[in-house]
Amino acid sequence: MNDIAPLALGFGVALGAGLLIGVERERRKAGDEPGGHGIRTFALVALAGAASETIGGIPLLAVATAGVALLAAISHPRDAGTTLGLTTDVALMVTVLIGAYAMSEPRFAAALAVIVTILLTAREEIHRFVRKAISDDELDDLLILAAAALVVLPLLPDRYLGPFGAVNPRTVWRIVVLIMAIQAAGYVAVRLLGPRFGLPLAGFASGFVSSAATIATMGARAKANGALLGSASAGAILSTVATVVQAALILAAISLPAFARLAVPLLCAGVAAVIYGAAFMLFALHEPSLDEIERDRPVNVRVALVFAATLALVLVLSAALQAWFGRTGLAAAALVTGFADAHAPVVSAASLVRVGRLAAGDVVVPVLGAFTTNTLTKIVLAVMSGGAPFAVRIVPGLILVVLAAWAGTALGAPPSWVRITPF
């Protein structure tokens, strides 16, 4: 009885997968692809794959798959004059393999059947997106991001190199890929949600690259067009939310113990920024709708590479100062670096925790110190770029976020669920 139950489950999932994919092909057959294979064919080939895997294993499954491919090929002359392409034939062979896979992994086989059906059903949407919605630049950036994550990252050595053994190439590149992916996600959000909330969304997305530069840009927009003051202010503040979110993601990606020590301060800072930014979002609802948004490229490769170079230098500098002067040297390096960038000190401190050169509790002062000095830079940029009306709205929020972060350090130890060992 115990042997029959898994067998029945596997054949049941195989049959269900064949019927699910077959339903979509049957509907297509009745519409714009007359003469194609229908629901019965797909159900039968799924069961054939399951039976082949059970009876003869991989060799018999290979014969069954080849047989289905041959039958699909020779059936085309009888369908002369139809609009059939290779999609149905490929779906037929995939169904054979899903039926076989259901005998060992029924849950994954069922999930694959759903994915295949979605891909077949969304044909028009996929074609429209690839041909019309996505531009050449967007496609190029997507390929660059894929190459960075799937080609370059696995090839980089996963060990600490260079002076003081401070730089792990794979860790540095992982952060670069993370920044590029967040840039792309923000760009997609702006495309999908439309121009009405364009400035706030663009500010949030740009904050993942440089919150300071975003504040300067938003200030210039507000100064040039007073009607956009509320939207530009919301975008500037929301860029600070992005800074906090990115710091949390970086810490979690490199060292979970370091993230645990800063989880509460970052949460307090993020909540303060969200509340303050939301107030200006409400003001933006009463402003005239924007007709268009200036679109940059989804992924700014130059910014990512400059960040990687800066990060490597900061890692070496922080390791040197920490080796020479201990925690005092690390804090000094973080304060100085924070004027230019708030995230490089975060990576540096988390990397030192990961290799055991710094205790997790010692990251709080360097990281929050870098946030503080970076806030000073943002205040200066807000005053210079947007003038008094813009600065009056932005500066209190920036100060509030920093104070909230430091106040978070007094709320006690991190929750137990984040006190775990490095990975």
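Residues numbered from 1 in each chain as written. Predicted model: local features only at pLDDT ≥ 70, side-chain atom pairs only at ≥ 80, totals over all residues. Heavy atoms only, no water.

**Looking at the overall build of the protein chain**
Of regular secondary structure, the protein chain possesses 14 helices and 0 strands. Ordered by position from the N terminus, the helices and strands of the protein chain form the series α-α-α-α-α-α-α-α-α-α-α-α-α-α. When burial is assessed residue by residue, the protein chain has 46% of its 423 residues classed as buried. For the protein chain, the proportion of contacts with a sequence separation of at least 24, taken over those separated by at least 6, is 76%. (Helix = DSSP H or I, 4+ residues; strand = E, 2+ residues; numbered from the N terminus. Buried < 20%, exposed > 50% of the residue type's maximum accessible area, 1.4 Å probe, protein only. Contact = heavy atoms within 4.5 Å.)

**Details of the packing of helix H3 (residues 86-101) against helix H4 (residues 106-121)**
Packed helix pairs are specified by the crossing angle of their axes together with the interaxial distance, meaning the distance between the axes. Between H3 and H4, the shortest axis-to-axis distance is 9 Å and the interhelical angle comes to 165°. The pairing of H3 with H4 is recorded here as roughly antiparallel in orientation. Note on packing geometry: the crossing formed by H3 with H4 is left-handed. Between H3 and H4, the contacting residues are Thr87, Ala91, Val94, Ile98 and Tyr101 on the first element and Pro106, Phe108, Ala109, Leu112, Ala113, Val116 and Leu120 on the second. (Axes fitted to C-alpha atoms, helices over the stretch in contact; angles between N-to-C directions. Parallel < 35°, antiparallel > 145°, perpendicular 65-115°, else oblique. Left-handed = near helix turned anticlockwise from the far one by under 90°.)

**What to know about H3**
With 16 residues, H3 extends 23 Å between its outermost C-alpha atoms, agreeing within 8% with the 22 Å of an ideal straight helix rising 1.5 Å per residue. Considered for burial, the residues of H3 that qualify are Thr88, Asp89, Ala91, Leu92, Thr95, Val96, Ile98, Gly99 and Ala100. (Expected span 1.5 Å × (residues − 1).)

**Structural notes on empty space enclosed by the protein**
Tallying each qualifying case throughout the model produces 5 cavities of 30 Å³ or more. Size it by volume and the largest cavity reaches roughly 70 Å³. Surrounding the largest cavity, Thr240, Thr243, Ala269, Phe371, Thr375, Lys378, Leu398, Val401, Val402 and Ala405 form its lining. Looking at the lining of the largest cavity, the elements with two or more residues in it are helix H9 (229-254) and helix H14 (364-408). Ranked by residues supplied to the lining of the largest cavity, first place goes to H14 with 7 residues. (1 Å grid on protein atoms, 1.4 Å probe; cavity = no way out; pocket = protein on both sides within 12 Å on 5 of 7 lines; lining within 4 Å. Points joined across faces, edges and corners; volume = space filled by probe spheres on them.)

**So, the nonpolar core**
In terms of nonpolar packing, the biggest core is built from 27 residues, with Leu251, Leu262, Leu266, Val346 and Phe371 touching the most fellow members. With 8 residues, the top contributor of residues to this core is H9. Grouped together as the second largest cluster of nonpolar side chains are 21 residues, Ala17, Ala72, Ala113 and Leu120 included. (Core = buried A, V, L, I, M, F, W, Y, C linked by side-chain atoms within 4.5 Å.)

**Quick notes on the pattern of salt bridges**
Counting across every chain of the model gives 1 salt bridge. A salt bridge links Arg25 to Glu24; the nearest nitrogen and oxygen atoms lie 2.7 Å apart. Residue classification places Arg25 among the buried residues on the basis of a relative accessible area of 4%. Judged by relative accessible area, Glu24 falls into the buried class, the value being 9%. (Salt bridge = Lys/Arg side-chain N within 4 Å of Asp/Glu carboxyl O.)

**Some points on a nonpolar patch on the surface**
A contiguous nonpolar surface patch, about 630 Å² in accessible area, is contributed by Tyr101, Phe108, Leu112, Ile115, Leu119, Ile126 and Val130. When contributions to the nonpolar patch are tallied by element, the ones reaching two or more residues are H4 and helix H5 (123-133). At 4 residues, H4 tops the list of elements feeding residues into the nonpolar patch. (Patch = residues over 30% accessible without salt bridge, like charges linked within 9 Å, V, L, I, M, F, W, Y side chains within 5 Å. Areas by Shrake-Rupley, 256 points an atom, 1.4 Å probe, with all protein chains shown as cover.)

**Thoughts on the confidence of the model for the protein chain**
Per-chain confidence: the protein chain averages 75 in pLDDT, with 72% of residues scoring 70 or above. Here helix H12 (residues 327-338) stands out as the element of the protein chain with the lowest mean pLDDT, 59, in contrast to H4, whose mean of 90 is the highest. Segment residues 78-83 is flagged for pLDDT under 50; beyond a separation of four residues in sequence, or across chains, it makes 6 contacts in the model. Predicted confidence for residues 415-423 stays below pLDDT 50, and this span has 13 contacts to residues more than four positions away or in other chains. (pLDDT = per-residue confidence, 0-100.)

**Observations regarding the environment of Leu403**
Its location among the elements puts Leu403 in helix H14. Among the residues examined, Leu403 registers a relative accessible area of 54% and is labelled exposed.

**As for H14**
Here H14 is 45 residues long, yet its end C-alpha atoms lie only 11 Å apart, well below the 66 Å a rise of 1.5 Å per residue gives. The sharpest bend along H14 comes to roughly 140°, located at Gly387, with the proline Pro389 sitting one to four residues further on. (Bend = angle between axes of the 7 residues up to and from the residue.)

**Examining the packing of H9 against H14**
Between H9 and H14, the least distance of the axes is 12 Å, while the angle of their chain directions is 170°. Between H9 and H14, the angle falls in the class roughly antiparallel. Between H9 and H14, the residues in contact are Leu229, Ala232, Ser233, Ala236, Ile237, Thr240, Thr243, Val244 and Ala247 and Phe371, Lys378, Pro389, Phe390, Arg393, Ile394, Gly397, Leu398 and Val401, respectively.

**Some points on the environment of Val90**
Here Val90 is to be found in helix H3. Sequence separation between Val90 and Ala72 is 18 residues; the distance between their C-alpha atoms is 9.2 Å.

**So, the side chain of Thr117**
Along the chain, Thr117 turns up in helix H4. Discounting chain neighbours no more than four positions away, the residues touching Thr117 are Leu20, Ile21 and Glu24.

**Observations concerning the environment of Val244**
Its location among the elements puts Val244 in helix H9. Of the residues examined, Val244 reaches a relative accessible area of 5% and is grouped as buried. Between the alpha carbons of Val244 and Phe371 there is a distance of 9.3 Å; along the sequence they are 127 residues apart. Setting aside anything within four residues of it in sequence, one finds Val244 in contact with Leu266, Ala269, Gly270 and Phe371.

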